[in-house]
Amino acid sequence: MNRRLEQLMRIRSWLTSGAAWHWYSLATVTLTGLLLVVLFALVVSRGLGYFWPKPVDEWVIQVSKPVSQVTASSGTRKLFARQLEQRRQEITSYSVDDEPVLPAYSNQLLLQFQVFDEGIPDWRYQWFNSEQIIRVTKPRNLLEAGLMDGRRIYGYPLIWVAGREQLEGEELTELIHSGDWRMPIPSQEESDAEIEDTAVAQLVLQLQDGTGFSIPVNQLRQLTYLNNMNWGDRFGRFLHRIWEFLSTGPMPDYQGGILTAIYGTVLLVILMSIILVPLGVVTAVYLHEYSGNSLLTKTLRIAISNLAGIPGIVYGVFVLGVFVYGMGAQLDRWFFSENLPVPTFGAGGLLWASLALALLTLPVVIVATEEGLARIPDDLRRGALALGATRSEMIWGTVVSAASPAILTGLILAIARAAGEVAPLLLVGAVKYTGQPLIEGEFPFLHAERQFMHLGYQVYDFALQSADAHASIPLAYATTLILLALVVLLNLIAIRLRARLRRRFLVDYS
Amino acid sequence: MDAVSSSQSSLLEQPPEMAAMVRGLHVYYGQRLALDNISLDVREKQVTALIGPSGCGKSTLLRCFNRLNDLIDDCHVQGQVRLFNRNIYHPDEDIVALRRQVGMVFQRPNPFPKSIFDNVAYGVRLQNKLPARELRETVRWSLKAAALWDEVKNRLDESALQLSSGQQQRLVIARALAVKPKVLLLDEPASNLDPISMLKLEELINELKANYTIIIVTHNMQQAARVSDYTAFIDQGRLIEMTDTRSLFTHPQQKQTEDYITGRYG
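What comes next is a walk through the structure. Nothing here was measured: the structure is a model prediction, and the numbers come from that model. (Residues numbered from 1 in each chain as written. Chains lettered and ligands numbered in written order. Predicted model: local features only at pLDDT ≥ 70, side-chain atom pairs only at ≥ 80, totals over all residues. Heavy atoms only, no water.)

## Here we look at the overall build of chain B
The secondary structure content of chain B amounts to 11 helices and 10 strands. The globule rule puts the C-alpha radius of gyration for 266 residues at 18 Å, and the 19 Å found for chain B is close to it. Buried residues in chain B amount to 54% of all 266 residues. Pairs at least 24 residues apart make up 67% of the contacts formed inside chain B by residues separated by at least 6 positions. As displayed, chain B offers around 12,100 Å² of accessible surface, 46% of which is attributable to carbon and sulfur atoms. (Helix = DSSP H or I, 4+ residues; strand = E, 2+ residues; numbered from the N terminus. Rg over C-alpha atoms; globule rule 2.2 N^0.38 Å. Buried < 20%, exposed > 50% of the residue type's maximum accessible area, 1.4 Å probe, protein only. Contact = heavy atoms within 4.5 Å. Areas by Shrake-Rupley, 256 points an atom, 1.4 Å probe, with all protein chains shown as cover.)

## Looking at the nonpolar core
Membership of the largest hydrophobic core comes to 61 residues, with the highest contact counts inside it found for Phe245, Leu276, Val319, Trp352, Val428, Phe452 and Leu455 of chain A. Those elements that place two or more of their residues in this core are α5 (231-247), α6 (259-290), α8 (312-335), α9 (350-374), α12 (404-419), α14 (455-464) and α15 (469-505) of chain A. The dominant element in this core, judged by the number of residues it contributes, is α9 of chain A, at 12 residues. Tryptophan 352 of chain A has contacts with Val319, Phe323, Val324, Met327, Gly328, Phe345, Ala347 and Val428 of chain A, leaving out every residue within four places of it along the chain. Counting 53 residues, the second-largest nonpolar core is a separate cluster that includes Val27, Leu50, Cys75 and Ile215 of chain B. (Core = buried A, V, L, I, M, F, W, Y, C linked by side-chain atoms within 4.5 Å.)

## Things to note about a nonpolar patch on the surface
Residue and element names in this part refer to chain A. On the surface, Ile313, Val314, Val317, Leu426, Tyr460 and Leu464 cluster together into a nonpolar patch covering about 510 Å² of accessible area. If you list the elements that add at least two residues to the nonpolar patch, you get α8 and α14. The greatest single-element share of the nonpolar patch, amounting to three residues, is contributed by α8. With respect to the helices, strands and loops of the structure, isoleucine 313 is situated in helix α8. (Patch = residues over 30% accessible without salt bridge, like charges linked within 9 Å, V, L, I, M, F, W, Y side chains within 5 Å. Salt bridge = Lys/Arg side-chain N within 4 Å of Asp/Glu carboxyl O.)

## Here's the deal with the layout of surface pockets
Reported here for the second largest pocket is a volume of approximately 720 Å³. If you go around the second largest pocket, you meet 23 residues; those closest to its centre are Asp378, Arg381 and Arg382 of chain A together with Leu71 and Ile72 of chain B. Of all the elements in the fold, those that place two or more residues in the lining of the second largest pocket are α6, α10 (378-386) and α11 (391-402) of chain A together with α2 (58-64) of chain B. Per-element accounting of the lining of the second largest pocket gives the leading share, five residues, to α10 of chain A. (1 Å grid on protein atoms, 1.4 Å probe; cavity = no way out; pocket = protein on both sides within 12 Å on 5 of 7 lines; lining within 4 Å. Points joined across faces, edges and corners; volume = space filled by probe spheres on them.)

## Here's the deal with the interface of chain B and chain A
The interface of chain B with chain A comprises 24 residues on the first partner and 22 residues on the second. Across the chain B to chain A interface the summed buried area is about 1,900 Å²; carbon plus sulfur atoms make up 67%. Contact with chain A buries area across many residues of chain B, yet Pro113, Tyr122 and Leu126 of chain B alone supply 27% of it, more than any other trio. There are zero salt bridges connecting chain B and chain A. Those elements giving two or more residues to the side of chain B that touches chain A turn out to be α3 (95-101), β6 (102-105), α4 (116-127) and α7 (165-178) of chain B. For the side of chain B that touches chain A, the per-class residue count stands at 14 nonpolar, five polar and five charged. (Buried area = accessible area lost by both parts, 1.4 Å probe. Nonpolar A, V, L, I, M, F, W, Y, C, P; charged D, E, K, R; others polar.)

## Here's the deal with unusual backbone geometry
Residue and element names in this part refer to chain B. Even without a glycine there, the phi angle at phenylalanine 84 is positive, about 45°. When you line up the elements, phenylalanine 84 lands in the loop between β4 (75-83) and β5 (86-87). Phenylalanine 84 gets classed as partly exposed once you look at its relative accessible area, which sits at 22%. The backbone of glutamine 236 shows a phi angle near 50°, a positive value even though the residue is not glycine. Along the polypeptide, glutamine 236 turns up in the loop between β9 (230-235) and β10 (238-244). The exposure class assigned to glutamine 236 is exposed, which follows from its relative accessible area of 66%.

## Overview of the sheet that holds strand β5 (residues 133-137) of chain A
All names here are of chain A. If you trace the five strands from one edge of the open sheet to the other, you get β4-β3-β2-β1-β5, paired in antiparallel fashion. Only two strands of the sheet have a single neighbouring strand rather than two, namely β4 (120-129) and β5. The average undirected angle you get between the axes of adjacent strands in this sheet is 30°. Across 10 bridges, the pairing between strand β2 (residues 75-91) and strand β3 (residues 104-117) is antiparallel. By the bridge assignment for β3, glutamate 90 is matched with tyrosine 105. (Pairing = 2+ DSSP bridges. Axes fitted to C-alpha atoms, helices over the stretch in contact; angles between N-to-C directions.)

Purely geometric stuff here, so don't read any function into it on its own.
Below you can see the structure in the form of structure tokens.
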């Protein structure tokens, strides 16, 4: 009894000592940290997983119903496929007297396989019962042919034809391994004359249904024996695919890369900063240096801080209504009337999107700059004035430059917020695909009125707007990873810049 | 005499040996009277010390000589401050030109977050665009005059904030000298310095008075006795006594002065 009481007393004293708060706060910190780790682990693993070369197997499957429109008969089918998922499905069956029998389970596999729709390769996704699967093999000579348009075709190499020269079997395998299958593509002048007789070399693949498929070599980008790779090959291929993803523009059917979207995002952020910094800094300087501390100033300051809480889509609507349909349409009437009724500035575009983001992040820069200005000691201001500086020379020549690390801090926060913001962009010019480049080699170089592609918008589109979720969800993860990396990169650049400024001034007022 | 100066001339004729004359100066902060009817003379090319307890108004008086009080919103000044025979509180007075004539050094060293060179060149660049060679020469001359040249001549491009606080204070003096002022105002310039830096600064003040009129505010009476030729004792906004430093410290005429300099104050 006595011991029990003692224990209770000990617990009580532990609770009243406040040590519990220590553990509670530690637990919340751990939880937050874990969430962050999980988020990064998910994005990184799923994102990078998209690039890792996965083998394609040959599956022989018993089908009772058609696998696709093309193979409309029953029997066994050969498929070049990847297994994506596996699940256990409960099968409830009933005995003769309507008594449910014990539940039975069936394993089901989700396969991704290649079909041909009128000669155009495409991916299909379908669940099969494990009983349907007769045989799975990893044929070493199964070839992945990457086409120039980003598609991939799987099949066994049959024959390589160039004019009168033909290669088959071992010789063909060697040719593919050596990489010499690329015939020099004839130059423009020659091609017109000689295209008839020295037609481009062709590679013929045997597809899963046994038919041959002939590909002109100049349409081929890459040939890979997917099942005949060691880890080094795979890793090289992995890096190569990441590079391809980063360095090519969009192609149909979720092929191709996101270079255009990276361009769009970076340009958007740069243009936003160009609009944002002067606006924000001048406002903050006015509030802190000129306006005094009147009730009006205080109200204004609170209003600006609260602007930061307004949802992004509201800024999108605002810019759409006031600038795109109002100012943009007017600009069109004045300067671009020859193009009407096709709008130039009267439709969503890069300029308006950067303006929306600049307005969205304006409070961040204003607040950070004002805090920076508040940390500049008054002695510095007096020192400048005592040397005969006018008020504006004092503010712009001394105080603002001393506060520049704080301004950059504001810009960093603004970029971090803006680079991931999608909602306002939906309204003012972000598109899934555009063929018009933002930057051109001739005047006026930057086409700020054009629609643009954006990483965040691509993620949204891949994740929710796609007709083919199996194909596009991995792309959403990959794009998310790139977006995340881009935001981190932009921040690192700004942080480096700030560190340099601080080193130069050797002072940390911020 | 041009129109502006003649309009500023008054019955008060300034003797040539006087750099500054203060007559009937009242300074209010809002309703509070900070300086009450101050009248004193500052001799040219001499060091005048303003001493007194904290909050007595000596710094306020100092800031009347370059109108730095104008920055304080509810500050209100009555009376005359004449500098080289000009009433600097005249409405037509060009404040920027005035401040170029009157350099000021503050209690805390306040170099700008720029390089040593840019700090010294700051005031010069505000005035006129000198050719680079002349600007370099001015910077060199100012740093030499402030006894800092030998310590920084090899690192003019480094940040001024890397210097020690004693060096920073001399840099600030060099910065003030670069615009060629006639008067230097020193507001407790040594209060944040270690004893060695303080002695260096006092030596510097001694050298500078050959060319400049110096007004120094200090709460350190030994320092006032060491560096100044004339001393004014101010208490609660009033000028209690002003005379040459030796007489003030040896034969104070007023009881309050005696109490203060002997440490019996308060």
